[in-house]
Number of protein chains: 2
Amino acid sequence: VVGPTPLGPGAEFDLIRRFVARFPAVAAGVLVGPGDDCAILEGGLAISTDMSVEDVHFRRAWLAPREIGWRAAASALSDLAAVAASPIAALVSLGAPESDAGAYSVEVMEGVAAAVTAAGAVLVGGDLVRSPAALVLDVVVLGRAEPPVLRSGARPGDELWVTGRLGAAGAAVRDWSEGRTPAAEARAAFARPVPRIAEARWLADRAPVSAMLDLSDGIGSDAGHLAAASRVAIELLAASIPVHPAAADRGADEALRLALDGGEDSELCFTAPAGTVGPLQASFRERFGLPLTRVGGVRDGRGLTLLREGRASPLRASGFRHFHEGAW
Amino acid sequence: VVGPTPLGPGAEFDLIRRFVARFPAVAAGVLVGPGDDCAILEGGLAISTDMSVEDVHFRRAWLAPREIGWRAAASALSDLAAVAASPIAALVSLGAPESDAGAYSVEVMEGVAAAVTAAGAVLVGGDLVRSPAALVLDVVVLGRAEPPVLRSGARPGDELWVTGRLGAAGAAVRDWSEGRTPAAEARAAFARPVPRIAEARWLADRAPVSAMLDLSDGIGSDAGHLAAASRVAIELLAASIPVHPAAADRGADEALRLALDGGEDSELCFTAPAGTVGPLQASFRERFGLPLTRVGGVRDGRGLTLLREGRASPLRASGFRHFHEGAW
């Protein structure tokens, strides 16, 4: 039985911290409670829930209804990937304005079901309610994690790795927000993210992965969450971060900003003892068509530091774009 | 492995029906899929999710923030009671306007946690997001049901029973909607419903309960859902329905309307073979301080019929006050 995972830095966590602090740290039947990507119950059952709200997490003008559903489900499923769980089942609660209760809502739910099915899980139920104005989706996912990979296991000397390339989804949001049409690859990264479920299982089966999470907020925040949960310091090497080509159209500074803080990437960030992941890089790329990149290391201490052109700067959790928002 | 439970009558189910029809009826690891109060996974794990939206399911002017949270969680927990499951864990997703992100949201979540704790479960996580205007809560509950009591097991010759008294919560909603202050008991029934978890377990342990659900929509709709799921006809005896005194302030017709269609009651409606529940009435009342009332019977056929003063009238699922709304 593990107590609550320490939450990352930043005032944006104050509300959650205040609330979680009132609860007992330990309960029968609960292996991991609030603070990680999933709660883990006895028997290795992983469960997570992820809410998406229109005009906060997406805009209808940006996405087709099937994409809205896919994206909401993929965000939840990515939390299962983050603990290396195999998806079993999902439920979806959909709040929709009365005018969207027909074909539009069915298409949203088809998108949810497509993402759930693609992840090897089954949509087993949900709730359908009226919402006065905004579309709201809450997707609950269950999986089996034996054993789960938590945020809290990083140790000094470990290396920090990421899957795939970062910043493309953030570039799409930036372009839309500026009234421009994003490049196709950037749009796809936001509209049809693929949770790295098989990748996480593959890695956990082959390497002593010590800690992991998914990069929903951007590595510039999430690596800090991992450091806080593991009670270690993490150094991030700016030059090593694998920036997605679709995020690189405005020069290196903007590309780095998107990769660090653009968020919405469904890639995994994890730690493992030095030398244990490097030998897997080629076969990972062959198997999944994705790069596996070492982007930093774990040290004694606390906090997240960015090393860039010989300068070290502390990073705060700026990736959370909405007040105290976040899973807990 | 059981296929999807047939949904109740009424156009309000069309959207759900259309969506569910596209899914395979049976999946590995899923004992009961969409259509019952909970999905049931292999091993007897029951799971359900319930979304509450401001100005649809409640108004802030009606309830304190702790009551909003309690009510949302109690609605979800009542779905566990409906399958006679013992609660294990809950998660809550809260969407809140930025101006409510502080103390108000913490109080809402305290209400959620209080209901979860009172039901013997643990709040293990959730999500906290910004919502443009309305408060939105989605509460996910997990429990163990060994074996679950489903909606689909009613057989001709069974008796139909309800716990407690009906109509009080509906009276509160009616009064608020008319700009009046509800009586204290009516208000409490809406603001602080108590899921009948121990009652359901007690009954399932002592009687061969054949089918059960909770009366979130009102017995005038929900008994029809039970009849549809069990592929039987149900006759409801108007004179036997235990109307709550707080619903009886405007005469017998209005009291019956509230008891049938007022909804929001967290009582249980169940069937059992003739003669098996009557002997338990006295000890049930002694144990729980609630009446246990026989309100009708199960026959061959289809549909729900109300017998009142010698007249039989078919009841349609009018309890769903919002377009296609409902758990599935």
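Residues numbered from 1 in each chain as written. Chains lettered and ligands numbered in written order. Predicted model: local features only at pLDDT ≥ 70, side-chain atom pairs only at ≥ 80, totals over all residues. Heavy atoms only, no water.

Focus on the side chain of B:T293
Residue and element names in this part refer to chain B.
Working step 1: Looking at where T293 falls in the secondary structure, it is placed in strand β11 (residues 292-299).
Working step 2: The class of T293 is buried, set by a relative accessible area of 16%.
Working step 3: Not counting residues within four places of it along the chain, the set of residues in contact with T293 comprises L160, W161, V162, S240, P242 and Q281. (Helix = DSSP H or I, 4+ residues; strand = E, 2+ residues; numbered from the N terminus. Buried < 20%, exposed > 50% of the residue type's maximum accessible area, 1.4 Å probe, protein only. Contact = heavy atoms within 4.5 Å.)

What to know about the sheet that holds strand β8 (residues 211-214) of chain B
Backbone-to-backbone hydrogen bonds pair the strands of a sheet. The strands run either parallel or antiparallel.
All names here are of chain B.
Working step 1: In spatial order, the strands read β8-β10-β7-β11-β9-β12-β13; together these 7 strands make up an open sheet with mixed pairing. Strands at the two margins of the open sheet, each flanked by one partner only, are β8 and β13 (311-315). Here the strands of the sheet are splayed against their neighbours by 25° on average, with no regard to which way each runs.
Working step 2: Pairing between strand β9 (residues 233-237) and strand β12 (residues 303-308): 5 bridges, direction parallel. Paired with L236 across the bridge in β12 is L306.
Working step 3: Lying on the sheet, helix α2 (residues 65-82) is in contact with β8 and β10 (268-273); it crosses β8 at an angle near 170°. (Pairing = 2+ DSSP bridges. Axes fitted to C-alpha atoms, helices over the stretch in contact; angles between N-to-C directions.)

Digging into the packing of helix α4 (residues 168-177) of chain B against helix α5 (residues 184-191) of chain B
All names here are of chain B.
Working step 1: At their nearest, the axes of α4 and α5 sit 7 Å apart, and the two run at 105° to each other. The angle between α4 and α5 places the two elements in the roughly perpendicular class. Contact with α4, carried on its side by A168, A169, A171, A172, V173 and W176, involves E185, A186, R187, A189 and F190 of α5 and no other residues of that element.
Working step 2: Residues that form the contact of α4 with α5 fall into these classes: 9 nonpolar, no polar and 2 charged. (Parallel < 35°, antiparallel > 145°, perpendicular 65-115°, else oblique. Nonpolar A, V, L, I, M, F, W, Y, C, P; charged D, E, K, R; others polar.)

Quick word on the side chain of A:E159
Residue and element names in this part refer to chain A.
Working step 1: The residue E159 is located in strand β7 (residues 158-163) in this model.
Working step 2: At 4.0 Å, R294 is the nearest oppositely charged side chain to E159, a buried residue that forms no salt bridge.
Working step 3: Of the polar contacts made by the side chain of E159, one reaches the side chain of W161; its length is 3.0 Å. (Lys, Arg positive; Asp, Glu negative; His and termini not counted. Salt bridge = Lys/Arg side-chain N within 4 Å of Asp/Glu carboxyl O. Polar contact = N/O pair within 3.5 Å; in protein donor to acceptor, adjacent residues only side chain to side chain.)

Some details on the pattern of salt bridges
Residues and elements named next belong to chain A.
Working step 1: For the coordinates displayed, the defined rule picks out 45 salt bridges over all chains.
Working step 2: E178 is the partner of R180 in a salt bridge, and the nearest nitrogen-oxygen pair spans 3.6 Å.
Working step 3: For R180, a relative accessible area of 37% puts it in the partly exposed group.
Working step 4: Taken together, the shared-partner salt bridges connect R174, D175, E178, R180, D249, R250, E254 and R257 into one network.

As for the interface of chain B and chain A
Working step 1: On the chain A side, the residues contacting the 62 residues of chain B number 62 residues.
Working step 2: The contact between chain B and chain A buries some 5,200 Å² in all, and 74% of this surface belongs to carbon and sulfur atoms.
Working step 3: On the surface where chain B and chain A come into contact, there are 0 salt bridges.
Working step 4: For the interface between chain B and chain A, the tally reads 6 residue pairs in polar contact (both at pLDDT 80 or more). (Buried area = accessible area lost by both parts, 1.4 Å probe.)

Overview of the relation of the copies chain B and chain A
Working step 1: When chain B is fitted to chain A, the residual RMSD is 0.0 Å, and the transformation amounts to a turn of 180° plus an axial shift of 0.0 Å. In symmetry terms, the pair is related by a two-fold rotation axis. Considering only C-alpha atoms, the part of chain B nearest the rotation axis is B:D138, at 3.4 Å.
Working step 2: A share of 100% of interface residues in chain B that are also interface residues in chain A marks the association as one of identical surfaces. (Least-squares fit on C-alpha atoms with pLDDT ≥ 70 in both.)

What to know about unusual backbone geometry
Working step 1: Put simply, A:E146 and A:P147 share a cis peptide bond, and its omega is -10°.
Working step 2: Topologically, A:P147 is positioned in the loop between β6 (136-144) and β7.
Working step 3: If you check the backbone angles, A:D55 has positive phi at about 70° while not being a glycine.
Working step 4: Note that A:D55 resides in the loop between β3 (45-53) and α2 (65-82).
Working step 5: Here A:D55 falls in the partly exposed class, since its relative accessible area comes to 37%.
Working step 6: Non-glycine residue B:E309 carries a positive phi angle of around 45°.
Working step 7: As for its position among the elements, B:E309 is in the loop between β12 and β13.

Some details on the packing of aromatic side chains
Residue and element names in this part refer to chain A.
Working step 1: Tallied over the full model, the rule gives 12 aromatic pairs over all chains.
Working step 2: On the basis of an interplanar angle of 75° and a centroid distance of 5.4 Å, the ring pair of W176 and F190 is categorised as edge-to-face. Placement of the pair is W176 in helix α4 (residues 168-177) and F190 in helix α5 (residues 184-191), with a sequence separation of 14 residues. The same class applies to W176 and to F190, which are both buried.
Working step 3: Judged by centre distance (5.6 Å) and plane angle (70°), the rings of W202 and F284 are edge-to-face. With W202 in helix α6 (residues 197-206) and F284 in helix α9 (residues 281-288), this pair connects stretches of sequence that are 82 residues apart. (Phe/Tyr/Trp six-rings, centres within 6.5 Å; stacked < 30°, edge-to-face > 60°.)

Re the packing of α2(B) against helix α3 (residues 103-118) of chain B
Residues and elements named next belong to chain B.
Working step 1: For the pair α2 and α3, interaxial distance at closest approach is 6 Å and the crossing angle is 40°. When the axis of α2 is compared with that of α3, the two are oblique. Our pair here, α2 against α3, has a crossing hand that is right-handed. Contacts from P65, R66, I68, G69, W70, A73, A74 and L77 in α2 reach Y104, E107, V108, E110, G111, V112, A114, A115, V116 and A118 in α3.
Working step 2: The residue makeup of the contact of α2 with α3, split by class, is 13 nonpolar, 2 polar and 3 charged. (Left-handed = near helix turned anticlockwise from the far one by under 90°.)

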